[in-house]
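Spelled out from the first residue to the last, the chains are:
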Amino acid sequence: MSFVEYSDAIQDGDVIIVYLSHDSMMPVRVQRGAQTQTRYGAIRHSADLIGKAYGSRVTCSKGGWVHVLHPTPELWTVTLPHRTQILYTPDIATITMMLELKPGSVVCESGTGSGSLSHAILRTIAPTGHLHTVEFHQQRASRAEQEFREHRVEQLVTVRCQDVCRDGFGVTGAADAVFLDIPSPWEAVGHAHTAIKRQGGRACSFSPCIEQVQRTCEALAARGFQDISTLEVLLRVHDVRTVSMATPDFGPDPSADDVGEAPPTPAVNQSVTVKTTTPPREIPGHTGYLTFATKPRC
Ligand SMILES: C[S@@+](CC[C@H](N)C(=O)[O-])C[C@H]1O[C@@H](n2cnc3c(N)ncnc32)[C@H](O)[C@@H]1O
């Protein structure tokens with residue numbers, strides 16, 4: 001198992017996702033001889049997990065069952081232990097696309113936080129790219145390093161415990177893209193410029209407040225970044241409902257008169273069951289603004 005490569009069967013040491021229901025999942029590190037308690041009873045790692053195919057249904061000790069899933073960055077984002085606020089899939093998808101990340105890309109990121117974005121970047125840039133992630137909180141940096149090892153992606157990532165605004169990314173002229181999720185991104189814009197290749201590259205900053213966005217845009221422009229644009233990703237989830245609708249009665253068919261046939265009897269009081277979707281009236285959940293910019297060739 002690795003977060004960037006699929007395996008068929010569960011092995012000792014794997015991190016798996018135990019799926020109880022759509023809104024109840026948990027990551028579990030498989031250890032020979034260990035047990036994990038769920039509301040359906042215990043799962044015995046040696047007997048119930050090791051050697052089983054990913055995606056299997058596993059019966060717990062109280063008779064209920066769960067599915068055991070291969071980990072993905074998307075599942076990790078919704079199950080990871082939070083140390084900080086994290087980025088979620090709608091923002092992550094936009095960031096990955098707009099930064100033009102692909103296998104082989106070299107990316108700088110700060111802060112690492114809980115590693116939600118980091119895992120998505122790693123899957124995108126594998127197998128030949130590299131992520132340089134900077135986090136000044138010692139415990140968060142260590143925990144992220146430990147998780148990268150447990151998820152078998154450590155060869156793709158370097159974690160640096162330092163202040164990105166003061167000390168930068170530890171990278172000069174090598175990055176294809178830089179991502180910032182820190183309270184004062186404008187203070188790191190110069191280091192982002194230094195980190196990106198001479199041939200140019202992309203930068204993105206995530207900030208919850210528009211005042212932060214303004215200061216970041218000013219710093220980006222002052223450093224010669226171009227194509228500066230800010231967007232906000234809002235997820236619009238549609239409710240699906242089954243409704244009963246009366247069959248419309250359009251009256252007799254006028255073309256039938258021409259050939260002298262009796263008009264068909266109109267349908268009376270008939271109804272049909274259909275599925276409809278309703279968009280929400282309000283969209284809660286502002287997460288933040290994403291500011292993108294391009295460093296031109298220099
Ligand atoms: C909101 S979290 C990042 C969450 C991350 N994007 C994720 O998806 O899990 C912000 C992190 O930046 C770190 N941070 C803030 N300022 C920093 C700085 N100047 N240098 C390095 N890390 C910094 C904080 O310690 C925190 O862990």
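Our subject in this report is the structure included herewith. Every value quoted in this text rests on a predicted model; they were computed, and no experiment measured them.

### Things to note about the site of the ligand
Inspection of the region around the ligand gives 24 residues, with E135, R140, D163, V164 and D181 positioned closest. Between the ligand and S114 there is a distance of 3.2 Å, counted from an oxygen atom to a backbone nitrogen or oxygen. Here G115 contributes a backbone N or O atom positioned 3.2 Å from an oxygen atom of the ligand. Placement of the ligand is best described as lying within the largest pocket. Put simply, the parts of the chain that give the shell around the ligand at least two residues each are α4 (116-125) and α6 (164-167). Of the residues that constitute the shell around the ligand, the class distribution is nine nonpolar, 11 polar and four charged.

### Here we look at empty space enclosed by the protein
Gaps left between atoms show up when a probe the size of a water molecule is rolled over them. For the structure shown, the criterion picks out one cavity of 30 Å³ or more. When its volume is computed, the largest cavity comes out at roughly 40 Å³. What lines the largest cavity is L180, V189, A192, A203, C204, S205, L220 and T291. Every element with two or more residues in the lining of the largest cavity is listed here: α7 (189-195) and β11 (201-207).

### Comments concerning unusual backbone geometry
S110 connects to G111 through a cis peptide bond whose omega is -10°. Examined against the element boundaries, G111 turns out to sit in the loop between β7 (106-110) and α4. Cis rather than trans, the peptide bond between A126 and P127 has omega equal to 5°. The phi torsion at R152 lies on the positive side, around 60°, for a residue other than glycine. Position of R152 among the secondary structure elements: in the loop between α5 (138-150) and β9 (157-160). Residue class for R152 comes out partly exposed when judged on its relative accessible area of 32%.

### Topic: the sheet that holds strand β10 (residues 177-180)
Pairing in this open sheet of seven strands is mixed, and the strands run β9-β8-β7-β10-β11-β15-β12 from one edge to the other. Of all the strands in the sheet, just β9 and β12 (226-232) have a single pairing partner and so form its edges. Mean inter-strand twist for the sheet, computed between neighbouring axes without regard to direction, equals 15°. Bridge analysis of β10 against β11 gives four bridges, and the strand direction is parallel. From the neighbouring strand, V178 faces β11, where its bridge partner is A203. Helix α3 (residues 89-98) contacts β10, β11, β12 and β15 (289-295) of the sheet and is inclined by roughly 10° relative to β15. Set on the sheet, helix α8 (residues 210-222) makes contact with β11, β12 and β15; between it and β15 the angle comes to about 0°.

Definitions and cut-offs
- Residues numbered from 1 in each chain as written.
- Predicted model: local features only at pLDDT ≥ 70, side-chain atom pairs only at ≥ 80, totals over all residues.
- Heavy atoms only, no water.
- Near = heavy atom within 4 Å.
- Polar contact = N/O pair within 3.5 Å; in protein donor to acceptor, adjacent residues only side chain to side chain.
- 1 Å grid on protein atoms, 1.4 Å probe; cavity = no way out; pocket = protein on both sides within 12 Å on 5 of 7 lines; lining within 4 Å.
- Sits in = over half its atoms within 2 Å of the grid points.
- Helix = DSSP H or I, 4+ residues; strand = E, 2+ residues; numbered from the N terminus.
- Nonpolar A, V, L, I, M, F, W, Y, C, P; charged D, E, K, R; others polar.
- Points joined across faces, edges and corners; volume = space filled by probe spheres on them.
- Buried < 20%, exposed > 50% of the residue type's maximum accessible area, 1.4 Å probe, protein only.
- Pairing = 2+ DSSP bridges.
- Axes fitted to C-alpha atoms, helices over the stretch in contact; angles between N-to-C directions.
- Contact = heavy atoms within 4.5 Å.

Spatial relationships are all this shows, so hold off on functional conclusions.
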